[in-house]
Amino acid sequence: AMLTLALTSVALQRLHDEKEKLEREVEQCAVAAAKDLDLVLDKTIKLEWHKAQNMRTRCLRITQKEEKRVRSKLSNGVK
């Protein structure tokens with residue numbers, strides 16, 4: 001029983017570590033996207049949880065106020 005608990009604990013720790021690593025990568029991508037779009041993370045662009053088809057995923061949401069400016073910038077190909 002103790003060996004099973006130890007193995008389970010190690011496996012859970014590995015999963016937790018992998019989850020934390022992926023969260024950091026997602027955060028870095030959000031920072032890069034904000035920089036590319038000249039937006040401020042957590043103000044004009046937000047990293048949020050989105051639930052669709054019983055699955056939670058991360059998404060970036062641009063505030064409505066900034067959307068028109070960003071669309072114009074992207075369609076003109078300006079960086």
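Residues numbered from 1 in each chain as written. Predicted model: local features only at pLDDT ≥ 70, side-chain atom pairs only at ≥ 80, totals over all residues. Heavy atoms only, no water.

So, unusual backbone geometry
The backbone of Asp42 shows a phi angle near 75 degrees, a positive value even though the residue is not glycine. Within the secondary structure layout, Asp42 lies in the loop between α1 (2-36) and β1 (45-52). Its identity as a non-glycine residue notwithstanding, Gln53 has a phi of 50 degrees, on the positive side. Relative to the assigned elements, Gln53 resides in the loop between β1 and β2 (55-62). (Helix = DSSP H or I, 4+ residues; strand = E, 2+ residues; numbered from the N terminus.)

Observations regarding helix α2 (residues 64-76)
For α2, built from 13 residues, the straight-helix expectation of 18 Å at 1.5 Å per residue is met to within 8% by its first-to-last C-alpha distance of 19 Å. By the burial criterion, the buried members of α2 are Glu66, Val70 and Lys73. One side of α2 holds all its buried residues, which, seen down the axis, span an arc of 60 degrees. Along α2, the residues that are exposed and aim more than 90 degrees away from the buried face are Gln64, Lys68, Arg71, Ser75 and Asn76. Once α2 finishes, Gly77 follows within two positions and takes phi at roughly 70 degrees, a positive value. (Expected span 1.5 Å × (residues − 1). Buried < 20%, exposed > 50% of the residue type's maximum accessible area, 1.4 Å probe, protein only. Arc of directions from axis to C-beta.)

Quick look at the pairing of β1
The sheet contact formed by β1 and β2 spans eight bridges and is antiparallel. Bridged to Ile45 within β2 is Ile62. The hairpin turn running from β1 into β2, its antiparallel successor, is two residues long, and Gln53 in that turn takes a positive phi close to 50 degrees. (Pairing = 2+ DSSP bridges.)

Here we look at the pattern of salt bridges
Scanning the entire structure with this criterion turns up six salt bridges. With a shortest N-O distance of 2.7 Å, Lys73 and Asp38 are connected by a salt bridge. Taken together, the positions of Lys73 in helix α2 and Asp38 in the loop between α1 and β1 put the pair 35 residues apart, joining distant regions of the chain. With a closest N to O distance of 2.9 Å, Glu48 and Arg61 form a salt bridge. A residue pair is termed long-range when its members are at least 10 positions apart, and Glu48 in strand β1 and Arg61 in strand β2 qualify at 13 residues. You can call Glu48 partly exposed: its relative accessible area is 25%. With a relative accessible area of 35%, Arg61 lands in the partly exposed category. (Salt bridge = Lys/Arg side-chain N within 4 Å of Asp/Glu carboxyl O.)

Brief notes about the nonpolar core
Nonpolar side chains in soluble globular proteins tend to be buried together. Membership of the largest hydrophobic core is limited to eight residues, which are Ala30, Ala34, Leu37, Leu39, Leu41, Ile45, Leu47 and Val70. Not counting chain neighbours up to four residues away, the residues in contact with Ile45 comprise Ala34, Leu37, Leu39, Val40, Leu60, Arg61 and Ile62. (Core = buried A, V, L, I, M, F, W, Y, C linked by side-chain atoms within 4.5 Å. Contact = heavy atoms within 4.5 Å.)

So, to be careful, I would describe these as geometric facts and stop short of saying anything about function.
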